[in-house]
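One letter stands for each residue in the lines below.
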Amino acid sequence: MDNIGIVVDDLDAAIAFFTALGMELEGRALVEGPEVDRLVGLDGVRTDIAMMRTPDGHGRLELTRYRAPAAVSAGAENAPVNALGIRRIMFAVEDIDGALARLRAHGAELVGEVTRYENAYRLCYVRGPEGILIALAEQIG
């Protein structure tokens, strides 16, 4: 897998959220032109993108803010965890409590509770900016 794309309205807030999770900003760019239009099947595309890289360098997120055409809501904000489609991205963390504290400083909210799965993991779901749902997993066993 090369990357996962997430469309946002507030690119800076999304960058700050994922940076607090330990990701690094690889770069930002304005993306537009006929090739982009043909790729995504829209006319007059003009987007700002930010590529975020996981600390181990193996995973990336492409955060995209549409200038044109304007982003549309498909009703996915705050969708429950059992809604059809891609629901969440899980991140391995060394300290789930510390990660939660950093993310809460960026407006994140715990969805349920921090739970223990057998003697292997502490897990939780977190809703971040614009309803982005992530999960955190701290290996304990």
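Right above here is the structure, for reference.
So, here's what we can say about the structure.

Cut-off values and rules
- Residues numbered from 1 in each chain as written.
- Predicted model: local features only at pLDDT ≥ 70, side-chain atom pairs only at ≥ 80, totals over all residues.
- Heavy atoms only, no water.
- Helix = DSSP H or I, 4+ residues; strand = E, 2+ residues; numbered from the N terminus.
- Buried < 20%, exposed > 50% of the residue type's maximum accessible area, 1.4 Å probe, protein only.
- Contact = heavy atoms within 4.5 Å.
- Core = buried A, V, L, I, M, F, W, Y, C linked by side-chain atoms within 4.5 Å.
- Pairing = 2+ DSSP bridges.
- Phe/Tyr/Trp six-rings, centres within 6.5 Å; stacked < 30°, edge-to-face > 60°.
- Polar contact = N/O pair within 3.5 Å; in protein donor to acceptor, adjacent residues only side chain to side chain.

### Some thoughts on the environment of His106
Thought 1: You can see His106 is positioned in the loop between α3 (96–104) and β6 (109–110).
Thought 2: Overall, the relative accessible area of 38% leaves His106 in the partly exposed class.
Thought 3: When near neighbours in sequence (up to four residues on either side) are disregarded, His106 contacts Ala16, Phe17 and Ala20.

### Structural notes on the nonpolar core
Thought 1: The biggest cluster of nonpolar side chains holds 27 residues, and the ones touching the most others in it are Phe18, Leu63, Phe91, Leu103, Ile134 and Leu136.
Thought 2: The set of elements that each furnish at least two residues to this core consists of α1 (11–20), β3 (46–53), β4 (60–68), β5 (89–92), α3, β8 (121–127) and β9 (133–139).
Thought 3: Among the elements that line this core, the one with the most residues is α1, at six residues.
Thought 4: Once residues lying within four places of it in the same chain are set aside, the contact partners of Ile134 are Phe17, Phe18, Leu21, Arg88, Ile89, Phe91, Leu103, Cys124, Tyr125 and Val126.

### Looking at the pairing of β9
Thought 1: In terms of residue burial, β9 counts as a mostly covered element, since six of its seven residues are buried.
Thought 2: Sheet topology note: the β5/β9 ladder contains four bridges and is parallel. Looking at β9, one finds that Met90 is bridged to Ala135.
Thought 3: In this sheet, β9 lies alongside β8 in antiparallel orientation, the contact comprising seven bridges. Looking at the pairing, Arg127 lines up with Leu133 of β9.
Thought 4: Here β8 folds back onto β9 in antiparallel fashion, the turn holding five residues, of which Glu130 has a positive phi close to 60 degrees.

### A short note on the packing of aromatic side chains
Each aromatic ring pair is described using two quantities: the centre-to-centre distance and the angle formed by the ring planes.
Thought 1: Scanning the entire structure with this criterion turns up two aromatic pairs.
Thought 2: The interplanar angle of 85 degrees and the centroid separation of 5.1 Å between the aromatic rings of Phe17 and Phe18 together place this pair among those described as edge-to-face. Summarising the burial analysis for this pair, Phe17 and Phe18 share the class buried.
Thought 3: Chaining the aromatic ring pairs together yields one cluster made of Phe17, Phe18 and Phe91.

### Re α1
Thought 1: Those residues of α1 lying buried are Leu11, Ala14, Ile15, Phe17, Phe18 and Ala20.
Thought 2: A distance of 3.3 Å separates the backbone nitrogen of Asp12 from a side-chain oxygen at the start of α1, and that oxygen is part of Asp10.
Thought 3: In the stretch just after α1, Gly22 is the one whose phi turns positive, near 105 degrees.

### As for the environment of Met52
Thought 1: Tracing the backbone through its elements, the reader meets Met52 in strand β3.
Thought 2: A relative accessible area of 0% places Met52 in the buried class.
Thought 3: C-alpha separation for the pair Met52 and Gln139, spaced 87 residues apart in sequence, amounts to 23 Å.
Thought 4: Ignoring any residue separated from it by four or fewer positions in sequence, one finds Met52 in contact with Ile15, Phe18, Thr19, Met23, Glu24, Leu25, Gly59, Arg60, Leu61 and Leu63.

### Details of α3
Thought 1: Among all positions of α3, only Ile96, Gly98, Ala99, Leu100 and Leu103 are buried.
Thought 2: Lining the buried residues of α3 we find α1, β6, β8 and β9.
Thought 3: Put simply, Asp95 is the residue that caps the front of α3, since its side-chain oxygen is 3.3 Å from the backbone nitrogen of Asp97.

### What to know about the side chain of Thr54
Thought 1: Here Thr54 lies in the loop between β3 and β4.
Thought 2: By relative accessible area, which is 14% here, Thr54 ends up buried.
Thought 3: Within the structure, Thr54 has its side chain in polar contact with the side chain of Asp56 (distance 2.6 Å).
Thought 4: Apart from residues no more than four positions distant in its own chain, Thr54 is found in contact with Met23 and Gly59.

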